[in-house]
Every structure is written in C-alpha cells, then in structure tokens.
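Notes for the structure review
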Amino acid sequence: MQTISFAGTAKNTGKTTTALHMVERCHARGLRLALTSIGYDGEIKDNVTGLPKPRYVLQPGDWVATAEKCLKTGTAGYHIHHTSSIYTVLGRIVFVEITSPGLVVLAGPNRRTDLEQVLADFRRIGVDWVLVDGALNRLAPMICTGGLVLSTGAAFTEDIPTLAEHARALCAMFQFPLSSLPPTAAVTLSLPNSDQEIKLDSGSLLSQAAFQALEAAAEAAPPQHVRIPDACHPACLLDLLTRKPALCQAQWVFGSPLKLLASGDPRLWEAVWARLQHPPQYFETLPLRCLTLNPFYPSYHAATWSYSEKFLDANALLTAVRAQVTAVPVLNLRQPPIPDLLDLLTPSCTPS
Amino acid sequence: MKTVLLAPLDPVHDNAVKLLKRRLDEAGYQALTMPPGTTVEEVVEKALAVHPAAILVSRTLGYKVAETLGQLVDLAEASGLRETTRLGVGGMAITKETGAELGFDGTFVGALNIKEVIAFIEGRQGVLEEDHSAQVQRPKPDVVAGHTYAWKDRKIEALLDTITDQILDWTKGKTSDGIQRALIRTEMLEAGVAHRASPQSPVRQRLLEKYLSFCDAEIQAAYQEGKLPSGVRPLDQAEIDRLPERLAGGHFEFQPLRHVGDKPLFFAQYGTGCPVMDVVHIKTTEAWGADGVLHFDPSWGAQREGLLQGHLTHEHDGTILTLENLSFIRQHMEAPTLWNVRGHRGLNTPETQVLAHAAGADLLKINIPYGGTAGGTDPERLTVDGVFALRLAAQYGLPFDIPGNDELSGVPPHKTFAGLLIMMMLGLKLGARPIPKPLLCYSPHMTIYGHMDDNMVDMNVAKLAVWQEIVDTPVWPGEPVGFMTHTPDRVQSAVTTANHAALAASMGVSAMTFASSDEAYSKGPISVPARVDTLRAVRESLRFLGSAHFQPTPAAQRMQAQLHLGITAVLEKIAQRGDFVASIYEGLLGDQEDGLYPGRTGRGTVRAE
C-alpha cells in the first residue's frame, strides 16, 4: 500500500486540487484508491472566504475514511464497512466503500496516532493508494505517511520573490538524513567522550526560559550531540547559536522536519542551518516528492466584506520558484504540459 | 482538580475567556487564563508546564486567523501535547466544519454551553453527542401538564354547568352530513382503505360512494372526474421525491426558545398552500427552536361539505386538508414536535379531527361560538358538529385548544372568554382536556374604546390574569400573539411579537402561538427569513426577561376585575336564556354592535339521527 499526503503553506494553495489530480490518475489506472483528510475537504464553499472549492467526486470501489456527519452531506452512494473508535468534531470516523459515483466530504483523523490507525485499517482492507488531504498550513500528523506533496502559491503571499525564498527553505527541510542516535523523550545533551547525558524537563524548546535551561546545561562542556525530539523555536535557537558559537559544533538532531515546520518559518530554519557545522539530522522524516504552485489568491474587498478570485502571473511564479527549488520537481498542475503525478510518485511512497 | 488552559489568541478581546474561567472555576476546575496577545508558542509552552486536560481557545475567525489556529494545533502535535491535552475552539464564525478543518478535538458553536464544555474536558464528547441524538428523541411536551381544571369561581362553574347541560341535551339525537362523513372516514381508516392509493377494493368503493353522497357537488366532481377546485393541482411525484434531497444536510440540535424553564411552549403557524413548502417552513421553525406548529387550511375548504384526497397543492394561502397532505407533512416533522390541525370553523370539523388524528396530530382545535360566527358556520350546525368533535377529542385522548379570535371582529374580551369557558366545560364533561386561547391583540374593541391608548400591557395582563381567578387551566395565548399590532415592517412585526411573547411568558402561560413577521402583509406566501426574524426576536426577548416578572399595575387589576364581572354577566344571560344556539343567534356572545354575525354556511343541515 502506498500513502501520500498533501499539505500546503496556507489555505487555498492547491492541496485538494493536487489530490484530485491523483484521484483522476488512480481512476485512470484502475487502482484501488482510499481517501481521508486531517481537516475538512470537499465542501462547496470555503468556510472563510465563501469562494467555491474543488470537490471530490469518487467512483464505485473507492474507499473513504470520514466523519459520520460528512456522509450525509455528500451525494455518492456508500456502504459502511466499519466504524472506528476515533472521535472527531463531526462524529466518529467511519470506513466506507463508495457504491455509486458522487461527491464526498472528508473530515478524518486530526492527530498522528489517529491517522496511523486509519492507515492500518486501510492496509487491512487492502487498497493500493491512500491519499491524505491536508488542511490549511497543518502537516504535523502526516509524518506517518509514505511521502509528502507540498503546495504553495499566491494565497500564502502575493510577493513572488518572497514566495520563492520560502519554498526554497521549505523544501530544504526535507533534505537532511536520519540520525543513528536513539530517540529521546526530553531534550538531551550528550557530552563528548563520555556516556554522560543531560536531560531537560521537556521535549520541546519554545520559550526563552527553556533556551536558558539549555544554555545553562551546555555551560559546563560543549555538547557533542543535542537531541530535541519535539518542537523548537527557530528564532530563539538562532539567537542562542549567535551568542554561543561553540554550540554550532554539536550534531543537532530534531524530531522531524514536520515538527520543525510546525515550530516556525522555514526561512528561520534556513538561517539556523547556515550556522551549524554539521547538517541537522532527524529521528524520523518522510520524502518530499514534489512542490506544486497555485497562482490563485482570494482578494478581500473591505467595502462588501467579500472575496474575489485573483491570480499571479503563472509563468513568472513557476520560473521564480524553479530557480530556487532544484531538489524536487516544481509543478503547476493547471499549466500544460501537465505532468502525471502518479508516475512521479510511484513507487516510493510506502510508509516507514 | 483538573487544569484547563484558556487562551484568547486575540490581540484585544478576552471576554469569552473570562466568562469561561468563572464558569469553570464554579464547576471545580483550575482554569488558567492567558492574556490577549499571547502567541501560539506561549500557549503551548504554558501547556507543557501545567499539563492541562484541555486548551480552550476563543477567537473570531477571519482570513489568516485560520492559519494561526492551525499553527496552534500543529505545534501542539509537534510538542507531544495532543496525546494528553484536548484542544477546543469557540468564537464568532466558528462552526463544526471549521473546527474539523483546523484540527481541533472540540468546537463550541454559539452561546456558551458549560455542560458541553465540561463534557469535552472530561472526554465525554461522544456521550454528549449521544445526548444530542437523544435530544431528537426528547419527550413530546404536554401543554396541559400541571393543571387540574379545578374551578375557583364556583358561580361561574355553576353557570357553565347549566349551560353545557342544556347544550348536551339539545344535541342529543341530532346529526349532520359532517358527522356522517367523519363516521365513514373512521370506517375507511379502520378498514385500511382511507388513502387515495389504497387498493380499489369493494369495501373502499362502497364506503367512498357512501362518503360522496354526503359531499357537495364540487367535492364529488374531484373524486369522480378528477376536476379539482380552481387554484388546486396535484403535486408531481418529482416534487415529492425531491424533498428529501432538499432537506439533506440540514441537521440541527434542538435549542428551545426558552431561556429558563419548560414552559411556555411555542407554536408557529403554517399553511403556505403547498405541502412541500410547508415542510420547509416546519423544518425551519423546528431548527429555530419552536415546540410545535399549527396547520392552517384554505378558508374556502370550511365552506364545502367534504374533503378532497391526494397530495394537493394550492396557489393561495392555506394548505388543503387531505389525509395524504397531512401524513406527508407529519412524516417530515421531528417526532417531539407538537402538531395541531385547524378545523374548528367549518362544515368539516368532525372529519378534520378524524384525519388529523389518523395523520398523527397531537392537538385538536374546536370552538363553537367562534366557528359559529364571523363568517363561519351556522351555529346550530356547528354546535352539533362541535359536540361530536369534542367526543372525538376525548376518545382520542388529545387535548383541544379553543381560539378566541372572535375578538378580531370587535367582540369585547369578556364575551369571547365566556365562549371559551363554555367550550372548556363542554370538553371537560365529555372527558376531553381543553386549552383556552385568549387573544393578545390590538382588537377593534380596544381601538374604539381606547383601552390600549396608553400601553398594551395592562389589558393583556388582565386578559391572562383573569383565568387564574376562575379555573386552574393551561392558558395558550394566540392566535397569533400581537395580532393587529403588526405592520408591513418586518422589524416592527418581529419586535411586537417578541414583546407580547415576553409578556405572556412572564404571566406563566403554558403555550403561545406567533406568526411570521411578514404574515399579515406578505401578499403571498410568507418567507422563511421573515419567519426566522420572529423566532430570533422571541428568543432574544425571553433571554432579556429570564425569570423576571411583570407586576400588574392598579390599572391592570381594574381591567381584570371588570373582565371577570363581564364574563359572569354574559354567562348569566346565556344560562337564563336556556338555549345556547339561540344565544349565539341573538348575539349574547357578540352582537352586530360588536361586529359579529352568526355564521350562515350549513344552515338548515342539522337533522335527526
């Protein structure tokens, strides 16, 4: 079973459009497809802007894991296979097989542990592909999937150079290797030439006080390794590294690129990486398979309290981002020649 | 003691957080608040330090705010908080769907519901959800519960005893085509051949022929030739089939209009002419918190002998009474919604009760003095039919309400109330449970004699309070409250209805009926937004009032005393006259001076059994 998740830098950056492209390709190849979402997808209109949203039209034989209440809002026929113990705002997650073509609305698991359970159930059911749609800028639960497609675009920022720089820093987060060191629950400093370890109270570093504790722990002797299993504030870390250059010599190991992205702007992380003598490592990661671009953005009209559709120059956007991002394919799925995403993703999206 | 972390995630506003803190502190939680302007990182850092059972965020949703809320959820996940700490969000524009999109475990929509918040903190969200499902199965409310019908005014009781004995004696051995049709309808229902789609068995054929022999030619033509009255057509099957699709996705959790207590119950009127549109209005009414609905039929239907059959739509006001229409409408209601079918003024009064009961009505409506005047049915005919209808109400075990709308013709309230009391005693003697409906209105009598020149409170208070002196009965002002105070201005209409609703609620009534804010002046079918206007306005007025009460002024007490004396005097005259039907003809319950004339339809149609 292959799994791929679709995340974005903001609302309206094209996550669902990209996922729909995969749906279409899977249907064309006759693959057994399953869908879920860590948010809410398939609605007629955006919950905030009121603008139309792309919708999921599924075919008989497709599978869905969605909240009970969403079943009633779609038009596709379905058969409930089983009801899970996962509870969401919109009711329990149910596993259904589509029996007649129609629209579906997805609202699936919103935590990693729940998403893992959903993927395990789909594995038991025996599907070929599981597509996990994202929500807004959220992506932390998706670490348990086999690969990631990121979407960015004008809805994140209308300034193309800024957008391209952000995309570069974002994609760079996924280029670092796994660590051979064992994971820890708390922030841990390993001293050189010694088995001695200093553990802090928490697995995260988010406040000045937490960084002061780290700094104090590192006073005695510069650490060989610093392991931060959970969240970490990049601006505070950058400040620490600027004040204590000796810490730059340590091997820094982080929980995952998704935890770091949840912690702060990738451009700040890029500045952190520039200071470190060794590339950072992760306890777990997932491959970034490609980056898609969306020139659309909702334009707000204060006088009418409404939004309208606006677009950046698609060619200029694509050129600028491709100039900055070279490690993964950069695509606009609405701009010919339209690539086949399924070809691009096969066969390396098996969850770790 | 569980800790709950409360964060506004708003640069300025934290009122909701402060309110929530007070309520959670009162409930025994340690509620820690963070100030406005707190960042996502600070919230998560604080949570890592205090290990709360839940983080509750209050924030008005707007563009880019969603990303901030999503960032909190993601950072909580990245920090390992989500395995131990539940995340909840509430605020303006937050919906269940946005909560799901943002990845929160709980979403709080609308006004603060502390029970819901505590269930969420305690991880009983699923249980609460099942509670909500159970709410759909909430018990059907009982309008008459809590009242004994014990008479407090012995003089009035004695007068009513005399009058109603005379009525029951007079109706003995008398029948009408309306009663015969009701008996045949009952037989058809018992034989399972009452519906138009019933198999064309010899039994149906025989009963239908017999039924039509008691009908007007126009009704006979509809059955025999398919020729429907002007402005009436059958509903297309496609129109019927599409309704479930139209209603799909419209799920609601019933929130009563009441701010405190279990009474009064609130009823809205419908009768657009089209059963499909009626269902949409009913679903709207239910979704906005009304407890029940009243079916209004076309006025012309009351003037014909016999009722039509099939799913029929009507291009003018009033939805046609057929078994199929009634069953279709009831089928789409929530089970606990109370349902009353109007049929008290016409030639089909007994038969309407039979069909309404068969279709699942919870309340019947019968008033002989009102139905026998003001353009209604001949008093002799309606007395015979009305007593039969009361026997049906007793047989079915259904309460019946007694509208006092003859006041709209100009009848002073003491005469109308005397009529209501006669109907009450009649019903009680026959084993039924009556509910008088004094009309809170700006009636012609009030206008002409200036009783409401200063205010609309004193007289209405008097009209409600006088019942408490006479009998322990449920009282149901209508129909609707505020009649003749409405104008084409929707805001004005909603406000005046809400004012009357608050006044009546403060007087401890059991139920009340209100109209849509465009009902009096819609010049066509009333609109759903206008209906919602009224429901929202009433909810707000009840929230404003709470458990507070209006204190009757000396003026109201004087009016109440005069009203009581007036009622007694009218009943004395009727008892003295010794003939109820003659009393109506002679204007004892309202005369030409009052603007009331005996009804003419069906005159001379009462015969011996």
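The written sequence of each chain sets the order in which its residues are numbered from 1. Just so you know, chain letters begin at A and ligand numbers begin at 1, following the order they were written in. Only residues with pLDDT of at least 70 get local features here, since the model is predicted, and only at 80 or more are side-chain atom pairs given and counted; chain-wide, interface and lining totals rely on the full set of residues. Excluding hydrogens and water, the side-chain values take into account all heavy atoms of the structure.

1. Comments concerning the overall build of chain B
A helix here means a DSSP run of H or I that spans at least four residues, while a strand means a run of E at least two residues long, and both kinds are numbered starting from the N terminus. Counting its secondary structure elements, chain B contains 23 helices and 16 strands. Radius of gyration: C-alpha atoms only; globule rule: 2.2 Å multiplied by the number of residues to the exponent 0.38. Against the globule reference of 25 Å for 609 residues, chain B gives a C-alpha radius of gyration of 28 Å, in line with a compact fold. By principal-axis analysis of the C-alpha atoms, chain B measures approximately 90 × 65 × 40 Å. Burial classes follow relative accessibility: with a 1.4 Å probe on protein chains only, a residue under 20% of its type's maximum area counts as buried, one over 50% as exposed, and anything between as partly exposed. Scored against the burial criterion, the 609 residues of chain B give a buried share of 59%. In chain B, 77% of the contacts between residues at least 6 apart in sequence involve partners at least 24 apart. Carbon and sulfur atoms make up 53% of the accessible area of chain B, which amounts to about 23,400 Å² in all. Charged residues are defined narrowly, with Lys and Arg counted positive, Asp and Glu counted negative, and His plus the chain ends left uncounted. Just so you know, the charge point we use is NZ for Lys, CZ for Arg, CG for Asp and CD for Glu. On chain B, the mean spot of the 57 positive side-chain charges and the mean spot of the 73 negative ones are 2 Å from each other. When checking whether two residues touch, look at their non-hydrogen atoms; a contact exists if any pair is within 4.5 Å. Accessible surface is estimated by sampling points in the Shrake-Rupley manner with a 1.4 Å probe; for residues, cover comes only from the protein chains shown.

2. Remarks on the interface of chain B and chain A
Taken together, the 41 residues of chain B in the interface contact 44 residues of chain A. Throughout this description, the term salt bridge denotes a Lys or Arg side-chain nitrogen within 4 Å of a carboxyl oxygen of Asp or Glu. Across the chain B-chain A interface, the total number found is 1 salt bridge. With a closest N to O distance of 3.1 Å, Glu 101 of chain B and Lys 11 of chain A form a salt bridge. Two N or O atoms form a polar contact when they lie within 3.5 Å of each other; inside protein one atom must be a possible hydrogen donor and the other a possible acceptor, and for residues adjacent in sequence the pair counts only when both atoms belong to side chains. For the pair chain B and chain A, the number of links is 15 residue pairs in polar contact (both at pLDDT 80 or more). The set of elements that each furnish at least two residues to the side of chain B that touches chain A consists of helix H2 (40-50), helix H3 (65-78), helix H4 (96-102), strand E5 (106-108) and helix H6 (125-136) of chain B. Of the residues forming the side of chain B that touches chain A, the biggest block, 9 residues, is contributed by H3 of chain B.

3. Observations concerning the domain arrangement of chain A
Residues and elements named next belong to chain A. An automatic or database domain assignment supplies the residue ranges for each domain. Here chain A is partitioned into domain 1 (2-175 + 286-345) and domain 2 (188-282). Between domain 1 and domain 2, the C-alpha centre-to-centre distance is 32 Å. Opposite the 15 residues of domain 1 that make contact, domain 2 presents 12 residues. With both chains or domains summed, domain 1 and domain 2 bury close to 1,200 Å², and 75% of this area falls on carbon and sulfur atoms. Run the count over domain 1 and domain 2 and you get 1 salt bridge. Glu 270 is the salt-bridge partner of Arg 168, the closest N and O atoms lying 2.8 Å from each other. One can count 2 residue pairs in polar contact (both at pLDDT 80 or more) joining domain 1 with domain 2. In terms of residue count, helix H4 (residues 160-172) provides more of the side of domain 1 that touches domain 2 than any other element does, 6 residues in total. Gly is put with the polar residues, along with every residue not named as nonpolar or charged; the nonpolar set is Ala, Val, Leu, Ile, Met, Phe, Trp, Tyr, Cys and Pro, and the charged set is Asp, Glu, Lys and Arg. Its residues assigned to classes, the side of domain 1 that touches domain 2 shows 11 nonpolar, 2 polar and 2 charged. Buried area: the accessible area, evaluated with a 1.4 Å probe, that two parts lose upon being put together, summed over both parts.

4. Things to note about the sheet that holds strand E4 (residues 86-90) of chain B
Residue and element names in this part refer to chain B. The pairing criterion is simple: DSSP has to find at least two bridges between the two strands. Ordered in space as E2-E1-E3-E4-E5, the 5 strands form an open sheet in which the pairing is parallel. Both edges of this open sheet fall to strand E2 (30-33) and E5, since each of them pairs with a single strand only. Here the strands of the sheet are splayed against their neighbours by 20° on average, with no regard to which way each runs. Pairing between strand E1 (residues 3-7) and E2: 4 bridges, direction parallel. Of the residues in E2, the one forming a bridge with Val 4 is Ala 31. The strands touched by helix H1 (residues 15-26) within the sheet are E1, E2 and strand E3 (54-58), with E1 carrying the most contacts at an inclination of about 165°. Note on method: axes are straight lines fitted to C-alpha atoms, helices fitted across the in-contact stretch only, with angles between N-to-C directions ranging 0 to 180 degrees.

5. Here we look at the layout of surface pockets
Residue and element names in this part refer to chain B. Cavities and pockets are found on a 1 Å grid laid over the protein atoms alone: a cavity is a set of points where a 1.4 Å probe fits but cannot escape, a pocket is an open set with protein on both sides within 12 Å along at least five of seven lines, and a lining residue has an atom within 4 Å of such a point. Grid points are joined across faces, edges and corners, and a volume is the space filled by probe spheres set on the points. Taken as a whole, the second largest pocket holds about 960 Å³ of empty space. Along its surface, the second largest pocket is lined by 48 residues, and Phe 296, Asp 297, Ser 299, Asp 317 and Arg 342 are the ones closest to its centre. Those elements giving two or more residues to the lining of the second largest pocket turn out to be strand E8 (265-270) and helix H14 (349-359).

6. Examining the pairing of strand E11 (residues 338-341) of chain B
Side-chain positions along a regular strand alternate between the two faces of the sheet. All names here are of chain B. Covered by surrounding structure in E11 are Leu 338 and Asn 340 together with Trp 339 and Val 341, the residues of both alternating faces. As judged from the 4 bridges shared by strand E9 (residues 292-295) and E11, these two strands associate in the parallel manner. Looking across to E11, one finds that His 295 is bridged to Val 341.

7. Describing empty space enclosed by the protein
By rolling a water-sized probe across the atoms, one finds the places where empty space is left. Residue and element names in this part refer to chain A. The final tally for this structure, using the stated rule, is 3 cavities of 30 Å³ or more. There is about 80 Å³ of room inside the second largest cavity. If you trace the second largest cavity, you find 13 residues lining it, with Cys 70, Leu 71, Tyr 78, Leu 103 and Val 104 closest to the centre. Looking at the lining of the second largest cavity, the elements with two or more residues in it are strand E4 (63-67), helix H2 (68-71), strand E6 (91-100) and strand E7 (102-104). Residues belonging to the lining of the second largest cavity are distributed by class as follows: 10 nonpolar, 3 polar and no charged.

8. Quick notes on the side chain of Glu 351 of chain B
Residues and elements named next belong to chain B. Here Glu 351 is to be found in helix H14. Within the local environment of Glu 351, its side chain forms a polar contact with the side chain of Arg 181, the two groups lying 3.0 Å apart. A polar atom in the side chain of Glu 351 sits 2.7 Å from the side chain of Arg 185. The contacts of Glu 351, once residues within four sequence positions are left out, are Gly 178, Arg 181, Ala 182, Arg 185, Tyr 211, Gly 306 and Leu 307.

9. Regarding the nonpolar core
By nonpolar core is meant a set of buried Ala, Val, Leu, Ile, Met, Phe, Trp, Tyr and Cys residues that side-chain atoms within 4.5 Å join together. In terms of nonpolar packing, the biggest core is built from 130 residues, with Trp 339, Leu 421 and Leu 571 of chain B touching the most fellow members. In terms of residue count, helix H17 (residues 413-430) of chain B provides more of this core than any other element does, 10 residues in total. Among the nonpolar cores identified, the runner-up in size contains 74 residues, and Leu 119, Leu 241, Leu 293 and Val 325 of chain A belong to it.

10. A look at the environment of Ser 179 of chain A
Residues and elements named next belong to chain A. Mapped onto the elements of the fold, Ser 179 is located in the loop between H4 and strand E10 (188-190). Taking the C-alpha atoms as reference points, Ser 179 and Pro 287, 108 residues apart in sequence, are found 15 Å from one another. Setting aside residues up to four positions removed in sequence, Ser 179 forms contacts with Val 253, Gln 281 and Tyr 282. Within the local environment of Ser 179, its side chain forms a polar contact with the backbone nitrogen of Leu 181, the two atoms lying 2.9 Å apart. A distance of 3.3 Å separates polar atoms of two side chains, one belonging to Ser 179 and the other to Gln 281.

11. A short note on the sheet that holds strand E12 (residues 225-228) of chain A
All names here are of chain A. Taken together, the 5 strands give an open sheet; going across it, the order is E11-E10-E12-E13-E14, and neighbouring strands pair in mixed fashion. Strands with a single pairing partner mark the edges of an open sheet, and in this sheet they are strand E11 (197-199) and strand E14 (281-282). When E10 meets E11, the two strands line up antiparallel, connected through 3 bridges. Opposite Ser 190, over in E11, you have Glu 197 as the bridge partner.

12. Quick notes on unusual backbone geometry
Along the chain, Pro 336 of chain A connects to Pro 337 of chain A via a cis peptide bond; the corresponding omega equals -5°. Tracing the backbone shows Pro 337 of chain A in the loop between strand E18 (330-331) and helix H10 (341-345). For the bond running from Gly 478 of chain B to Glu 479 of chain B, omega is 10°, close enough to zero to count as cis. Among the secondary structure elements, Glu 479 of chain B is positioned in the loop between helix H19 (458-470) and helix H20 (490-506). The phi torsion at His 51 of chain B lies on the positive side, around 50°, for a residue other than glycine. As for its placement among the helices and strands, His 51 of chain B is situated in the loop between H2 and E3. Phi at Met 484 of chain B is positive, roughly 70°, even though this residue is not glycine. Its place among the elements puts Met 484 of chain B in the loop between H19 and H20.

13. Quick word on the packing of helix H9 (residues 202-212) of chain B against helix H10 (residues 217-225) of chain B
All names here are of chain B. At a minimum axis separation of 10 Å, H9 and H10 run at an interaxial angle of 155°. For the element pair H9 / H10, the angle class is roughly antiparallel. Residues Leu 208, Tyr 211 and Leu 212 of H9 form the contact with H10, whose participating residues are Ile 219, Gln 220, Tyr 223 and Gln 224. Counted by class, the contact of H9 with H10 contains 5 nonpolar, 2 polar and no charged residues. Oblique is the label for any angle not under 35 degrees, not over 145, and not in the 65 to 115 range, which are roughly parallel, roughly antiparallel and roughly perpendicular in turn.

14. Brief notes about helix H5 (residues 208-219) of chain A
All names here are of chain A. By this rule, a helix spans an expected 1.5 Å times one less than how many residues it contains. Helix length check: H5, at 12 residues, gives a terminal C-alpha distance of 16 Å against a target of 16 Å (1.5 Å per residue), a fit within 8%. Taken as a whole, H5 has its buried residues at Ala 210, Phe 211, Leu 214, Glu 215, Ala 217 and Ala 218. Along H5, the residues classed as buried sweep out an arc of 160° about the axis, all on the same side. Turned more than 90 degrees away from the buried face of H5, the exposed residues are Ala 209 and Gln 212. The arc refers to the directions leading from the helix axis to the C-beta atoms.

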